[in-house]
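# Summary of the model geometry
Single-letter residue listing:
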Amino acid sequence: MALVAGIDSSTQSCKVVVRDADTGALVRQGRASHPDGTSCPPDAWWEALQTAVAAAGGLDDVAAVSVGGQQHGMVCLDADGQVVRDALLWNDTRSAQAATDLVAELGGGQPWAEAVGSVPVASFTVTKLRWLAQHEPDNAARTAAVCLPHDWLTWRLGGTGDLAALATDRSDASGTGYWSPGTGEYRRDLLKLAFGRDLLLPAVLGPDGSPGRTPAGALLGPGAGDNAAAALGVGAAPGDVIVSIGTSGTVFSVATVPAADDTGTVAGFADATGHFLPLVCTLNAARVLDAAATMLGVDHAELSRLALSAPAGSDGLVLVPYLEGERTPNKPDATGSLHGLTLGTSTPAHLARAAVEGMLCALADGLDALRGQGATVNRVLLVGGGAKSEAVRRIAPSVFGCPVAVPPPGEYVADGAARQAAWITTGAAPAWALDGLELFEADAHATVRARYAEARDRTLPRP
């Protein structure tokens, strides 16, 4: 029995799964936490990976290993391969002005969408490089290479220390702002526009490419961005829409042609199979539920029970969940807000329901944007930590206006990485079955979306 390993190095933690390459059966797994925040020393990811690998029984017996990771983060390396500064993560919004400037300098959203399929916002690596050049010129001068979190971990797993061995994949490269899913090439002119000069960039590999082996002899996969890995993990095909509720919220579909939305709402990413992955991302997702549970002094199970005990629409109470600013819509300085508070809605149940509905309404806006770009919605698959909430599962169909299928709880980013590892081991994409789908039917409440839309545009900036 050949074994393969998949790694999910997310914002909050590192998960490792070891699976049978032929059947996909789970053999063992492990996990470890990451530091909180919007920047992180990459060594903390490496230490967490070692802890998670040890908890999973090691990797000495696996034939291949692949890494799925949080997208967009900026990892700067000097000429000796040493990390220049803490990595800026996707949810770090200090480069918001840099994003605005870069869009204007190229003549607006349309030239960016045509060039790289997306319009830069503060999440994108290209904007973080501009911020570095402007605000930390000494660190910028030391930087010889830039890569993404999963690229860096794959490189460390290879153990060569040679910058020329840096590699990435199409899905993660498409989130940098200087690689084109349409042409499959870097746009070094855009990198130079942002940073002022060229840098060494990782080689972009196809779905079955390998940048080398670990010192123990396991093949290394090209890896993937977390959303593309999740799509691979659930076996998504063209016509499927995945809604992932993790630290960020993402709505994405598998498509056969690249997207180019000049409004910037839909990012025209690539996927991990050779197709494309038009995607809408929100900064605020599962942590909206965390915040609501904290405010009410309850755990998540009680938050869910409270939410389901309140009526649909929370009697007019609306929570706009921009607790960390927002990426879609592009409001990095926005704050969350509560609307429709009355004596009647001042109950824990109403607030719990409003938190769930507000988070889901923000994601439903993303689903509408995908449809506006021509996406076919045959089914919605709901995944991520937030999907474990019974309230989320039961309320989502009414907010989305369509049936929702929920796979059993799992580590689908790590599973997607494991599928990729099996792919490079066997030479063919594995046809692992996804069992245990639970279907929730829609009972649409149009007023929920309408009242949310009214409140959404009245958010206040941070003081």
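Anything mentioned here points back to the structure above.
Now for a look at the structure at hand. (Residues numbered from 1 in each chain as written. Predicted model: local features only at pLDDT ≥ 70, side-chain atom pairs only at ≥ 80, totals over all residues. Heavy atoms only, no water.)

Right, let's get into the overall build of the chain. Tallying secondary structure elements over the chain gives 15 helices and 24 strands in all. Taking 2.2 N^0.38 as the reference for a compact globule, 463 residues should give roughly 23 Å; the C-alpha atoms of the chain span a radius of gyration of 21 Å, in line with that estimate. Taken over the C-alpha atoms alone, the chain extends approximately 65 × 55 × 40 Å along its principal axes. Within the chain, the fraction of its 463 residues that count as buried is 60%. Carbon together with sulfur atoms contributes 51% to the accessible area of the chain, which is approximately 16,700 Å² in total. Computed over 32 positive and 49 negative side-chain charges, the inter-centroid distance for the chain is 2 Å. (Helix = DSSP H or I, 4+ residues; strand = E, 2+ residues; numbered from the N terminus. Rg over C-alpha atoms; globule rule 2.2 N^0.38 Å. Buried < 20%, exposed > 50% of the residue type's maximum accessible area, 1.4 Å probe, protein only. Areas by Shrake-Rupley, 256 points an atom, 1.4 Å probe, with all protein chains shown as cover. Lys, Arg positive; Asp, Glu negative; His and termini not counted. Charge placed at Lys NZ, Arg CZ, Asp CG, Glu CD.)

Attention now goes to helix α4 (residues 125-135). Along α4, eight of the 11 residues are buried, which leaves the element largely enclosed by surrounding structure. Residues of α4 that are buried include every one of T125, V126, T127, K128, L129, R130, W131 and L132, and no others. In the core, the buried residues of α4 are packed alongside β6 (75-77), β7 (87-88), α2 (96-105), α5 (137-142), β8 (145-147) and α8 (188-195). (Contact = heavy atoms within 4.5 Å.)

All chains considered together, the criterion is met by three aromatic pairs. Centre to centre, the rings of W45 and W152 are 6.4 Å apart; their planes meet at 70°, and the pair counts as edge-to-face. Taken as a pair, W45 in helix α1 (residues 42-55) and W152 in helix α6 (residues 149-158) lie far apart in primary sequence, 107 residues in all. Note that R94 overlies the ring of W131, its terminal NZ or CZ placed 5.0 Å from the centroid. Just above the ring of W46 sits the side chain of R156; from NZ or CZ to the centre is 4.3 Å. (Phe/Tyr/Trp six-rings, centres within 6.5 Å; stacked < 30°, edge-to-face > 60°. Lys NZ or Arg CZ within 6 Å of the ring centre and 35° of its normal.)

Along the polypeptide, R393 turns up in helix α13 (residues 390-400). In this structure, R393 is buried with no salt-bridge partner, the nearest side chain bearing the opposite charge being E438 at 4.2 Å. One polar contact links the side chain of R393 to the main-chain carbonyl oxygen of A387, over a distance of 3.2 Å. The residues touching R393, leaving out its near neighbours within four places in the chain, are L382, A387, K388, V406, E438 and F440. (Salt bridge = Lys/Arg side-chain N within 4 Å of Asp/Glu carboxyl O. Polar contact = N/O pair within 3.5 Å; in protein donor to acceptor, adjacent residues only side chain to side chain.)

Bringing the pattern of salt bridges into the picture now. For the structure on display, the rule yields 23 salt bridges. We note a salt bridge from D36 to R287, for which the minimum N-O separation is 3.4 Å. Here the residue D36 occupies a position in the loop between β3 (26-33) and β4 (39-40), and R287 occupies one in helix α10 (residues 286-296), the gap between them amounting to 251 residues. Measuring nitrogen to oxygen at the nearest pair gives 3.6 Å for the salt bridge that ties R456 to D457. Within the structure, one salt-bridge network assembled from shared partners comprises D365, D368, R371, R449, R456 and D457.

By themselves these figures say nothing about function.
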